[in-house]
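# Remarks on the overall topology
The chain contents come next:
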Amino acid sequence: QAQLVESGGGLVQAGGSLRLSCAASGRTFSTYAMGWFRQAPGKEREFVAATTWNGGNTYYADSVKGRFTISRDNAKNTVYLQMNSLKPEDTAVYYCAADHFVATMQAQTPAYWGQGTQVTVSS
């Protein structure tokens, strides 16, 4: 059974940094596109970032470009989201996702989802 487990969330002041991790198991996720999404209270879930199976291509929401970096370590079946220059509006539950096709990320239809990790940015 495929499983994605996020970690690394927490409380940080505005301007600070956090690195989220997503550990994958149960399938050969090294061949899967991976992505990050977030959902703030009272708002719809939104796409944040995605990477192809080998990390060769990355995609970002305009709101995080230049501040967030997605990366992966296929030997560890782990994908990361480095978040710098955090803002209060980045506060949300962050979800990791996986799918064979990276196009599903921006369409918000990946096959596999994690349970989420809370990120809170104080002003």
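Definitions and limits used
Residues numbered from 1 in each chain as written. Predicted model: local features only at pLDDT ≥ 70, side-chain atom pairs only at ≥ 80, totals over all residues. Heavy atoms only, no water. Helix = DSSP H or I, 4+ residues; strand = E, 2+ residues; numbered from the N terminus. Rg over C-alpha atoms; globule rule 2.2 N^0.38 Å. Contact = heavy atoms within 4.5 Å. Core = buried A, V, L, I, M, F, W, Y, C linked by side-chain atoms within 4.5 Å. Buried < 20%, exposed > 50% of the residue type's maximum accessible area, 1.4 Å probe, protein only. Pairing = 2+ DSSP bridges. Axes fitted to C-alpha atoms, helices over the stretch in contact; angles between N-to-C directions. Disulfide = S-S within 2.5 Å.

So, about the overall build of the protein chain. What the protein chain contains, in helices and strands, is 1 helix and 11 strands. N-terminal to C-terminal, the α/β element order of the protein chain is β-β-β-β-β-β-β-β-β-α-β-β. In terms of overall dimensions, the protein chain is globule-like: its C-alpha atoms have a radius of gyration of 13 Å, near the 14 Å expected for 123 residues. When its C-alpha atoms are laid out on the principal axes, the protein chain stretches across 40 × 25 × 25 Å. For the protein chain, long-range pairs separated by at least 24 residues make up 58% of all intrachain contacts whose partners lie at least 6 apart in sequence.

Now for the nonpolar core. One finds Met34, Trp36, Leu81, Met83 and Tyr94 to be the most contacted residues of the largest nonpolar core, which totals 34 residues. Looking at this core, the elements with two or more residues in it are strand 3 (18-25), strand 4 (33-39), strand 5 (46-51), strand 7 (68-73), strand 8 (78-83), strand 9 (92-99) and strand 11 (117-122). At 5 residues, strand 9 tops the list of elements feeding residues into this core.

On strand 11, burial follows the alternation: Thr117, Val119 and Val121 on one face are buried, whereas Gln118, Thr120 and Ser122 on the facing-out side are not. Note: strand 2 (residues 10-13) against strand 11, 4 bridges, orientation parallel. Its bridge partner being in strand 11, Gly10 is matched across the sheet by Val119.

Our focus in this paragraph is the sheet that holds strand 1 (residues 3-7). On the basis of which strands lie adjacent, the open sheet formed by 4 strands has the order 1-3-8-7 and antiparallel pairing. Two strands lie at the open edges of the sheet, namely strand 1 and strand 7, each paired on one side alone. Ignoring strand direction, the axes of neighbouring strands in this sheet form an average angle of 15 degrees.

Let us look at the state of the cysteines. Counting across every chain of the model gives 1 disulfide. Shown here is the disulfide that connects Cys22 with Cys96, its sulfur atoms set 2.1 Å apart. Negative torsions about the S-S bond denote left-handed disulfides, and the value of about -80 degrees found for Cys22 with Cys96 makes this one left-handed. Taken together, the positions of Cys22 in strand 3 and Cys96 in strand 9 put the pair 74 residues apart, joining distant regions of the chain. One exposure class covers both Cys22 and Cys96, and it is buried.

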